[in-house]
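Here is how the chains run, residue by residue.
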Protein chains: 2
Amino acid sequence: MAASLSPTARTTLHRSKERGRSAREDLYAILDSGVICHLGVVVDGAPMVVPTGYGRLGDTLYLHGSTGARSLRGALEDEICVTVTHLDGIVLARSIFHHSVNYRSAMIYGRARRVTDPDERLAGLRALSEQLAPGQWDTVRPPTRKELAATEVLALSLAEASVKARQGPPGDELEDYALPIWAGVLPVRMSWGEPEPDPELSERLRTPAHVAARPPLGSLPQKI
Amino acid sequence: MAASLSPTARTTLHRSKERGRSAREDLYAILDSGVICHLGVVVDGAPMVVPTGYGRLGDTLYLHGSTGARSLRGALEDEICVTVTHLDGIVLARSIFHHSVNYRSAMIYGRARRVTDPDERLAGLRALSEQLAPGQWDTVRPPTRKELAATEVLALSLAEASVKARQGPPGDELEDYALPIWAGVLPVRMSWGEPEPDPELSERLRTPAHVAARPPLGSLPQKI
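Here goes a summary of the coordinates provided. (Residues numbered from 1 in each chain as written. Chains lettered and ligands numbered in written order. Predicted model: local features only at pLDDT ≥ 70, side-chain atom pairs only at ≥ 80, totals over all residues. Heavy atoms only, no water.)

Observations concerning helix H1 (residues 24-32) of chain B
Okay, so step 1: Within H1 of chain B the residues assigned to the buried category are Arg24, Leu27, Tyr28, Ile30, Leu31 and Asp32 of chain B.
Okay, so step 2: In this fold, the buried residues of H1 of chain B make contact with strand S4 (55-57), strand S5 (60-66), strand S6 (79-92), strand S7 (100-111), helix H3 (118-132) and strand S10 (160-166) of chain B. (Buried < 20%, exposed > 50% of the residue type's maximum accessible area, 1.4 Å probe, protein only. Helix = DSSP H or I, 4+ residues; strand = E, 2+ residues; numbered from the N terminus. Contact = heavy atoms within 4.5 Å.)

Concerning the pattern of salt bridges
Okay, so step 1: Counted by the stated rule, this structure contains 22 salt bridges over all chains.
Okay, so step 2: Where Asp88 of chain A meets Arg104 of chain A, a salt bridge forms, and the shortest distance between an N and an O atom there is 2.8 Å. Within this pair, whereas Asp88 of chain A is found in strand S6 (residues 79-92), its partner Arg104 of chain A is found in strand S7 (residues 100-111), the two being separated by 16 residues in sequence.
Okay, so step 3: Among the ionic pairs, Arg141 of chain B bridges to Asp176 of chain A, the shortest N-O distance being 2.7 Å. (Salt bridge = Lys/Arg side-chain N within 4 Å of Asp/Glu carboxyl O.)

Notes on the sheet that holds strand S5 (residues 60-66) of chain A
Residue and element names in this part refer to chain A.
Okay, so step 1: On the basis of which strands lie adjacent, the open sheet formed by four strands has the order S4-S5-S9-S8 and antiparallel pairing. In the strand order of this sheet, the two ends are held by strand S4 (55-57) and strand S8 (113-114), each with one partner.
Okay, so step 2: Examined bridge by bridge, S4 and S5 share three bridges and lie antiparallel to one another. Of the residues in S5, the one forming a bridge with Leu57 is Thr60.
Okay, so step 3: Those strands touched by helix H2 (residues 70-77) are S5, S8 and strand S9 (151-157), and its axis lies near 40 degrees from that of S9. (Pairing = 2+ DSSP bridges. Axes fitted to C-alpha atoms, helices over the stretch in contact; angles between N-to-C directions.)

Some points on the relation of the copies chain B and chain A
Okay, so step 1: Mapping chain B onto chain A leaves a residual RMSD of 0.0 Å; the transformation is a rotation of 180 degrees accompanied by 0.0 Å of translation along its axis. The superposition of one copy onto the other is thereby described by a two-fold rotation axis. No C-alpha of chain B approaches the rotation axis more nearly than that of Met190 of chain B, which lies at 2.3 Å.
Okay, so step 2: A shared interface surface links the copies, since 100% of the contact residues of chain B are contact residues in chain A too. (Least-squares fit on C-alpha atoms with pLDDT ≥ 70 in both.)

Comments concerning the interface of chain B and chain A
Okay, so step 1: Taken together, the 88 residues of chain B in the interface contact 88 residues of chain A.
Okay, so step 2: If you look at where chain B meets chain A, you find four salt bridges.
Okay, so step 3: In this assembly, chain B and chain A are joined by 25 residue pairs in polar contact (both at pLDDT 80 or more).
Okay, so step 4: When residues of the side of chain B that touches chain A are traced back to their parent elements, those giving at least two are strand S2 (36-43), strand S3 (46-53), S6, S7, H3, strand S11 (184-192) and strand S12 (196-197) of chain B.
Okay, so step 5: With nine residues, the top contributor of residues to the side of chain B that touches chain A is S11 of chain B.
Okay, so step 6: Looking at chain direction, strand S12 (residues 196-197) of chain A and S11 of chain B are connected through two bridges and run antiparallel. Bridging from a neighbouring strand, Pro197 of chain A pairs with Gly184 of chain B of S11 of chain B. (Polar contact = N/O pair within 3.5 Å; in protein donor to acceptor, adjacent residues only side chain to side chain.)

Focus on the sheet that holds strand S9 (residues 151-157) of chain B
All names here are of chain B.
Okay, so step 1: Strand order in the open sheet formed by four strands is S4-S5-S9-S8, and the pairing between neighbours is antiparallel. Edge strands, defined here as strands with exactly one partner in the open sheet, are S4 and strand S8 (113-114).
Okay, so step 2: In the sheet, S5 pairs with S9 via seven bridges, with the strands oriented antiparallel. Across the sheet, residue Leu63 finds its bridge partner in S9, namely Leu154.
Okay, so step 3: Against the sheet, helix H2 (residues 70-77) touches S5, S8 and S9, its axis set at about 40 degrees to S9.

Remarks on unusual backbone geometry
Okay, so step 1: Positioned with a positive phi, Asp44 of chain A is a non-glycine residue whose angle comes to about 50 degrees.
Okay, so step 2: Among the secondary structure elements, Asp44 of chain A is positioned in the loop between strand S2 (36-43) and strand S3 (46-53).

So, the pairing of S2 of chain A
Residue and element names in this part refer to chain A.
Okay, so step 1: Summarising burial for S2: seven of the eight residues are buried, a large majority.
Okay, so step 2: Both S2 and S3 contribute to a ladder of eight bridges, which runs antiparallel. Bridged to His38 within S3 is Pro51.
Okay, so step 3: Taking the residues that link successive antiparallel strands as the turn, the S2-S3 hairpin has two residues, and the phi of Asp44 there is positive, at about 50 degrees.
Okay, so step 4: Pairing analysis gives three bridges linking S2 to S6, with the strands arranged antiparallel. By the bridge assignment for S6, Gly40 is matched with Cys81.

In structure tokens, the structure reads:
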């Protein structure tokens, strides 16, 4: 059953209301099929937008980084905003004004919590790892105590979130449809290239199946 | 000749200094080969990160939007941060800790200026249009006076910017290279799909060459 997102003033769309989605499943789908987010923090009163990894467990988003990173320190002092965007296509209209993009995006607002419980820290890091590189957590060397100590893990509730999307052909002015101008969508595809083995790698080591046959981005099985 | 970026406190990298680039050409290359940026503004004291289009003319970045958009109103009241990120690959290391991504990103900080001069407004919108859909400005219906009036154009100087990038194989701990674990990079490719004509389109209209043969993302000829 589709659970609704909880609307607050800033997650209520004031414009382009038809682009808003309200089902929590849409939020999960957008988050689960992404690789990086853009984390917005306020540092000395000014915004700072940093690309970074993330992971999701239920209704919690996990972020991580070095204990020394400015963006993470900013994230712990004030509210943050996390945005995940998928660019799906360029919308080519009959008029410049109606050019647009097809996209799906999720924005999450809130105050991040520093995760200190060792079990939750590990679970959060595992979620981050699975989001970036599914299957690696169980097959490579796990983090040492020292590596864990150097890593800050933050949790952000998905309670305050909004989803926006645009799909489909251009929406031109009625009188422009008669113009002899091509219109349509140029799709954007994201795909995996051929895995590139580390030059230091022993030739006997084959590319594991979870890397060689990683499902295309955007087609990940949906978690709940 | 490579001009340096002007370092300020926040564009001076404190960590991972080897990932910082200092040539202005790198900044231009990252901006010119992107489609969307993530715009960070402060609204009611909290950050808001919005995906949006942009265009570049020399050392000025142009943004636009509806005159009613909250993000643009926020952008005019305070400092902003614009980040453009290209995800190039997933870095699969022999340890969880050294997993990473290959990427190129540019961050621009500053105070946006509302563009009011009609010529600069048109030039800025043209730059935005060319960034999103090269070749369309000269071939589709131009904006009407009413459409222009509904559009806010902002200019942001590229004076305060930083560029970060990571490329290449994983950097594992020395003792981990002997582990029987595959390591390498899973490249991420962005490509154009087959153009999808608007269902309302007359069948006699062929897809224009600048759409059908649009150069791959990331390979745009560099402007200066």
